[in-house]
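The residues making up each chain are set out below.
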Amino acid sequence: MRNLVLLCLLLFLTSCYASENDSPDSDTSITVSDIKDDETLVFFRTSAWLDQDTLSWHLPVHGWIYESQDSVARKALAAAVLEQQFGLEVTDDNDGNFSRRLNLLLADNERGKEIVVNLAGREYTLAPSAENGHIEDVLVVPADKLDHFGKNGLVEFSASAPDSRTFRGEVRLLAPQGLSVVSDIDDTVKVSKVTDRKRLLEHAFLLDFSAAPGMSSLYSRWNQENVAFHFVSSSPWQLYAPLQEFLDAADFPWATFNLKTVRFRDETLFDLFRKGTETKPAIIESILHRNPGRQFIHVGDSGEQDPEVYAGLLRRYPDQVQRIYIRNVTGEAADNERFATLFEGIEPGRWSLFDDPAGLP
């Protein structure tokens, strides 16, 4: 833990080298997108829910507007800490990964930005971006207005910048009934080595992301049965783009994302150290509440608190949570004290610890 604290303090200190572009725009009457040529807007994948009383879709739009940073001084300082504290070296082979991920983590957030999106032939002005650069709004659209705009259950929208760039996003229209998978990312579908500090940092900053064996095939098989997917992870939102690109390239199905909100210039920095039992339940419960008619499978790993989180949710929502699958990355036995206590009184068929995902139904 001491070494991880050092690394986070490093990120906090190096962020001070960046110019502060978080100040609000003085003009509050913006009606079109104001995106400067050195700013980037990314939209995160979300899912919509249908209000069956009003026959209207509620489409969450969640984005992040920021200015990436590329400082030789900050990069050298971070590389020195990785080498001196953890014995990890930045080389020509891994410099691309290191630079991109570090720059994203230390990006300047842009607040007070009013973004206009075009969705289903109409323009919507979103709520202004917060101090962390995040834009969150819910668009309510009559169901019949989306009949001709959904493609494979996805509705596309976009925002345009003055320099002719277009930033695109997607929302999945999630049917009121059906089966969904809530999945962790690190050490569940992506090799991260969370239980080994040195290996964790190496995978996070230096190495190409790599898929956990067999998990893409499992999720693809489930996807053929019209299952929806929701990734809920403790990775920070800043790494969304590299994670999404990796998961797409590894042939994982389209999924929504819920990551951890961390700003390296305020107290939310310490949210990196909050356990999954403190952060994940509320996020997953919001997915369950928005989709009361859907059934859920929870997939995680034994490296951190996924078993604890999922067991608690199964007890609270026994009618919605069908099954729990835990990838065994710690070499534990299913009948050890940890699992015996967690799943006491729960039918054995509703949870399982697995090594090879090919054996799952």
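The structure we're discussing is the one just above.
Bear in mind the structure is a predicted one, so any value in this text is a computation, not a measurement.

### Notes on the overall build of the protein
- Helices and strands together make up the secondary structure of the protein, namely nine helices and 16 strands.
- Across the 361 residues in the protein, those meeting the buried criterion constitute 52%.
- In the protein, 74% of the contacts between residues at least 6 apart in sequence involve partners at least 24 apart.
- Accessible surface, the protein: about 16500 Å² in total, of which carbon and sulfur atoms supply 48%.

### Observations regarding the pairing of strand β15 (residues 321-327)
- Of all seven residues in β15, five are buried; the element is thus mostly enclosed.
- Across six bridges, strand β14 (residues 294-301) lies against β15 in parallel orientation. Residue isoleucine 297 lies in a different strand from β15, and its bridge partner there is arginine 323.
- For the crossover that starts at β14, traverses helix α8 (residues 306-316) and ends in the parallel β15, the hand is right-handed.
- Direction of pairing for β15 relative to strand β16 (residues 351-354): parallel, over a ladder of four bridges. Within β16, the position partnered with isoleucine 324 by the bridge is tryptophan 351.
- Between β15 and its parallel partner β16, the chain crosses via helix α9 (residues 337-342), and the hand of that crossover is right-handed.

### So, the packing of helix α3 (residues 95-105) against helix α4 (residues 197-206)
- One way to put it is that α3 packs onto α4 with a least axis distance of 7 Å and a crossing angle of 90°. One way to sum up the angle between α3 and α4 is to call them roughly perpendicular. Of α4, the residues touching α3 (which contributes Asn97, Phe98, Arg101, Leu102 and Leu105) are His203, Ala204, Phe205 and Leu206.
- Partitioning the contact of α3 with α4 into residue classes produces six nonpolar, two polar and one charged.

### Description of the sheet that holds β15
- An order of β13-β12-β11-β14-β15-β16 is seen for the six strands of this open sheet, with the pairing classed as parallel. Since the sheet does not close on itself, it has two edges, and those belong to β13 (256-260) and β16, each with one partner. Each neighbouring strand pair of the sheet contributes to a mean axis angle of 20°, computed without reference to strand direction.
- Pairing of strand β11 (residues 178-183) with strand β12 (residues 228-236), which is carried by four bridges, proceeds in the parallel orientation. By the bridge assignment, valine 181 is partnered in β12 with phenylalanine 229.

### Quick notes on the side chain of glutamine 69
- As for its placement among the helices and strands, glutamine 69 is situated in the loop between β3 (56-67) and α2 (72-86).
- In this structure glutamine 69 comes out as buried when scored by relative accessible area, which is 10%.
- Within the local environment of glutamine 69, its side chain forms a polar contact with the side chain of aspartate 108, the two groups lying 3.1 Å apart.

### Notes on α2
- Across its 15 residues, α2 extends 21 Å between first and last C-alpha, which sits within 8% of the 21 Å expected from 1.5 Å per residue.
- Taken residue by residue, α2 has Arg74, Ala78, Ala79, Val81, Leu82 and Phe86 as its buried positions. On an axial view of α2, the arc spanned by its buried residues comes to 155°, and they lie on one face. Residues of α2 that are exposed and angled more than 90 degrees away from the buried face: Val72 and Gln84.
- Here α2 starts with a cap whose side-chain oxygen sits 3.3 Å from the backbone nitrogen of alanine 73, and that cap is serine 71.
- Taken from the residues just after α2, glycine 87 is the one with a positive phi, measuring 70°.

### Overview of the packing of α2 against α3
- In the contact formed by α2 and α3, the axes pass within 11 Å of each other and the chain directions differ by 115°. The angle between α2 and α3 places the two elements in the roughly perpendicular class. The chirality of how α2 crosses α3 is right-handed. Contacts from Arg74, Lys75, Ala78, Ala79 and Leu82 of α2 reach α3 at Asp95, Phe98, Ser99 and Leu102.

What counts as what
Residues numbered from 1 in each chain as written. Predicted model: local features only at pLDDT ≥ 70, side-chain atom pairs only at ≥ 80, totals over all residues. Heavy atoms only, no water. Helix = DSSP H or I, 4+ residues; strand = E, 2+ residues; numbered from the N terminus. Buried < 20%, exposed > 50% of the residue type's maximum accessible area, 1.4 Å probe, protein only. Contact = heavy atoms within 4.5 Å. Areas by Shrake-Rupley, 256 points an atom, 1.4 Å probe, with all protein chains shown as cover. Pairing = 2+ DSSP bridges. Right-handed = clockwise from strand over helix to strand, strands pointing away. Axes fitted to C-alpha atoms, helices over the stretch in contact; angles between N-to-C directions. Parallel < 35°, antiparallel > 145°, perpendicular 65-115°, else oblique. Nonpolar A, V, L, I, M, F, W, Y, C, P; charged D, E, K, R; others polar. Polar contact = N/O pair within 3.5 Å; in protein donor to acceptor, adjacent residues only side chain to side chain. Expected span 1.5 Å × (residues − 1). Arc of directions from axis to C-beta. Left-handed = near helix turned anticlockwise from the far one by under 90°.

Any functional reading would require information that these geometric values do not contain.
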